[in-house]
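Listed below are the residues making up each chain.
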Amino acid sequence: MGNLIWHDLGRFISITASVYAVWSSFFGFYYRKFFWDFVGGTLRDPGGIQPAPGAAVFITLIVKAPIIQILAMILGMMIVALEYSLPLVKGLALYRSFVVRIVLLFFQSFLCILYYQVNSTMLAPEIISKIPVSYDNGLASGSLFFFPSTVNIHNELGVDFEIRLCPALQKKPRLPTPHFNGGADEPVSEHLANVDPFAPPYDPGLLVGELISEEISQQYVVLMNKYSVVPRHFLLITKEYQSQTSPLMPDDLLQAYALLVAGKKAGKKMFAFYNCGDLSGASQPHKHLQFIETEDDGPPIESLAGSISLESPGKPFSIERLPWANHVFRFPSNLPSSPVHKREPILADAFISLLDLVISTVRYDPTYPAGLPSYNVILTLEHMHLIPRRFENHTIESTGDDLSVNSMGFAGMLLVKSERELEAVKTEGLGKILRSVALQSVHDIQVAGSTRDIDGDATSML
């Protein structure tokens, strides 16, 4: 009787382990990551863990193609069939062999420990569905602060600018000046601990969830914005530290666009923006994109961009009515419904072509400071906008106050803190204000092919 009990207990443990292996391999199709990529890897600042060259074969078999997950699933199903005693298996010699069981369980365990088995990561639709609840929970817990505001419509340059008046922001705690480039001798952990509010442990009142890419296993964290003027304002943050001065990578663009697509399917109209560099209006040095819901199909600037008829679809264009340098790319109409492998080259090529134009524009300004260029990125389902930046702040003529401008301003949504500032901005004009912190457009010269970049590499500044 004792042997029978131990035999059945062993069977149940084997079945339980195998069912878990099948379940974990299923999730491994969506959350692809080699668990041991940190062994022998290099910790970079920015960039996080760079896997060792020896991990390339496992990354190929787990991340690029889920071969390991498929094998683990097949082995799990085989062991369940063996232990559950399916009629087709009972008559076979391997059914009575303990050696076969031990070998199968050994290989199953080996395969399962190779890939990252996780249930805390989410896909874009899950993240979008959690935003309202996360926002409410953040308010209730006191982790998130919402500042009520009123929107004033100001038509100029054919754009219905939204100037948002928020007097409560005068009482907002002043954030420390971000340090985009830590000292060369400063330890990574100390640097992050001192200046990075996006490093773990995450505030449960702000945490929405984690995202993981299927393509190159880049992981992201989604947090609610701690100081919100617009409800349900959230952030997409690289889990490993990367600098806000670095350009958007294909994986960044894919995840941001996937969130926009998921938002549209959920009936939410939103856009994303990225403030790159110390002149862009960025408030934190850790790489993050921001997402804002809108009442219309996009930010105010989108109606103007959408009204332009293109002679050469698939190429960058400029909104000539605007007095500042701006570079725009229109996506194919079927991009939101396209699979990931077709989205990536379109998004990446669009960003690279626009970034080349930004760098070219910067080179036409002999007074531009040395170093990496600053620019703003606005991303919608239809367009990608890049605006090169020259200054972070504009000094209002009538008051002498500094007005900080980031991507939101160029999207057509400006923030002011008082009635006095509101009237001063209207009087001076949005076109003049935004032009003062941007650059002069040289798009006509660039299109004509006579830029200074003909004989050089436009990406050499990166």
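Residues numbered from 1 in each chain as written. Predicted model: local features only at pLDDT ≥ 70, side-chain atom pairs only at ≥ 80, totals over all residues. Heavy atoms only, no water.

Engineer: So what's going on with the overall build of the chain? Which residues, and what values?
Structural biologist: Scanning the chain from terminus to terminus reveals 14 helices and 18 strands. Here the chain, with 462 residues, has 49% of them falling under the buried criterion. In the chain, the share of contacts with a sequence separation of at least 24, taken over all contacts with a separation of at least 6, comes to 72%. (Helix = DSSP H or I, 4+ residues; strand = E, 2+ residues; numbered from the N terminus. Buried < 20%, exposed > 50% of the residue type's maximum accessible area, 1.4 Å probe, protein only. Contact = heavy atoms within 4.5 Å.)

Engineer: For empty space enclosed by the protein, give the residues involved together with the corresponding values.
Structural biologist: Here the idea is plain: a probe the size of a water molecule rolls over the atoms and shows the empty space left. One pass over the structure, following the stated rule, counts 1 cavity of 30 Å³ or more. Broken down by class, the residue content of the lining of the largest cavity amounts to 7 nonpolar, 2 polar and no charged. (1 Å grid on protein atoms, 1.4 Å probe; cavity = no way out; pocket = protein on both sides within 12 Å on 5 of 7 lines; lining within 4 Å. Points joined across faces, edges and corners; volume = space filled by probe spheres on them. Nonpolar A, V, L, I, M, F, W, Y, C, P; charged D, E, K, R; others polar.)

Engineer: Describe in detail the environment of Ile-102, supporting the description with residues and values.
Structural biologist: In this structure, Ile-102 sits in helix H5 (residues 98-112). Judged by relative accessible area, which is 59%, Ile-102 ranks as exposed. Along the sequence, Ile-102 and Ser-14 sit 88 residues apart, while their C-alpha atoms lie 10.0 Å from each other.

Engineer: Give a detailed account of the side chain of Gln-108, specifying residues and quantitative values.
Structural biologist: Tracing the sequence through the fold places Gln-108 in helix H5. Of the residues examined, Gln-108 reaches a relative accessible area of 3% and is grouped as buried. Leave out the neighbours within four places in its chain, and Gln-108 touches Ala-17, Ser-18, Ala-21, Leu-75, Gly-76 and Ile-79.

Engineer: With reference to specific residues and values, describe unusual backbone geometry.
Structural biologist: For the peptide bond that leads from Pro-200 to Pro-201, omega is 5°, which places it in the cis range. Checked against the element boundaries, Pro-201 lands in the loop between helix H7 (188-195) and strand S7 (207-212). One non-glycine residue, Leu-157, adopts positive backbone phi at about 60°. In this fold, Leu-157 is placed in the loop between strand S5 (150-156) and strand S6 (159-165). According to the relative accessible area criterion, Leu-157 is partly exposed, its value standing at 26%. Although it is not a glycine, Arg-232 sits at a positive phi angle of roughly 65°.

Engineer: Can you explain the packing of helix H6 (residues 124-141) against helix H8 (residues 250-265)? Please cite residues and give values.
Structural biologist: It is at 8 Å that the axes of H6 and H8 come closest, and there the two elements cross at 60°. Taken together, H6 and H8 sit at an angle that is classed as oblique. For H6 against H8, the interelement crossing comes out right-handed. Counting all contacts with H6, which are made through Ala-124, Pro-125, Ile-127 and Ile-128, the residues of H8 involved are Ala-258, Leu-259, Ala-262 and Gly-263. (Axes fitted to C-alpha atoms, helices over the stretch in contact; angles between N-to-C directions. Parallel < 35°, antiparallel > 145°, perpendicular 65-115°, else oblique. Left-handed = near helix turned anticlockwise from the far one by under 90°.)

Engineer: An account of a nonpolar patch on the surface is needed here, citing residue identities and associated values.
Structural biologist: A cluster of nonpolar side chains, Val-57, Leu-61, Ile-67, Ile-70, Leu-71, Ile-74 and Met-78, forms an exposed patch at the surface whose accessible area comes to about 550 Å². Listed by contribution, the elements that provide at least two residues to the nonpolar patch are helix H2 (56-64) and helix H3 (67-83). Here the nonpolar patch gets 5 residues from one element, more than from any other, and that element is H3. On the secondary structure map, Ile-67 appears in helix H3. Of the residues examined, Ile-67 reaches a relative accessible area of 38% and is grouped as partly exposed. (Patch = residues over 30% accessible without salt bridge, like charges linked within 9 Å, V, L, I, M, F, W, Y side chains within 5 Å. Areas by Shrake-Rupley, 256 points an atom, 1.4 Å probe, with all protein chains shown as cover. Salt bridge = Lys/Arg side-chain N within 4 Å of Asp/Glu carboxyl O.)

Engineer: Which residues make up the sheet that holds S5, and what values go with them?
Structural biologist: Judged by pairing direction, the sheet is mixed, and its 3 strands sit side by side in the order S5-S6-S18 without closing on themselves. Every other strand in the sheet has two partners, leaving S5 and strand S18 (413-416) as the edge strands with one partner each. Strand-to-strand twist in this sheet, taken as the mean axis angle between neighbours without regard to direction, amounts to 30°. In this structure, S6 lies alongside S18, joined through 4 bridges in parallel fashion. Within the sheet, the bridge partner assigned to Glu-162 lies in S18 and is Met-413. Strand contacts of helix H12 (residues 419-428): S5, S6 and S18, with the helix running at about 160° to S6, the strand carrying the most contacts. (Pairing = 2+ DSSP bridges.)

Engineer: With reference to specific residues and values, describe the pairing of strand S8 (residues 219-224).
Structural biologist: Among the 6 residues of S8, 6 are classified as buried, and the element is accordingly described as predominantly covered. Burial of the side chains of S8 extends over both faces: Gln-219, Val-221 and Leu-223 are buried on one face and Tyr-220, Val-222 and Met-224 on the other. In the sheet, S8 pairs with strand S10 (residues 234-238) via 5 bridges, with the strands oriented antiparallel. What sits directly across from Met-224, in S10, is Phe-234.

Engineer: Provide a residue-level description of the pattern of salt bridges, including the pertinent values.
Structural biologist: Taken as a whole and judged by the stated rule, the model has 7 salt bridges. Measuring nitrogen to oxygen at the nearest pair gives 3.1 Å for the salt bridge that ties Arg-101 to Glu-83. Linking Arg-101 in helix H5 with Glu-83 in helix H3, this pair joins segments that are 18 residues apart in sequence. Note on Glu-83: relative accessible area 5%, which makes it buried. In this structure, Arg-232 engages Glu-293 in a salt bridge whose closest nitrogen and oxygen atoms are separated by 3.3 Å. With Arg-232 in the loop between strand S9 (227-228) and S10 and Glu-293 in strand S12 (residues 288-293), this residue pair connects regions lying 61 residues apart in the sequence.

Engineer: Help me get a handle on the environment of Val-340, residues and values and all.
Structural biologist: Following the sequence through the fold, Val-340 ends up in helix H10 (residues 340-363). Along the primary structure Val-340 and Gln-255 are separated by 85 residues, whereas in three dimensions their C-alpha atoms are 9.8 Å apart.

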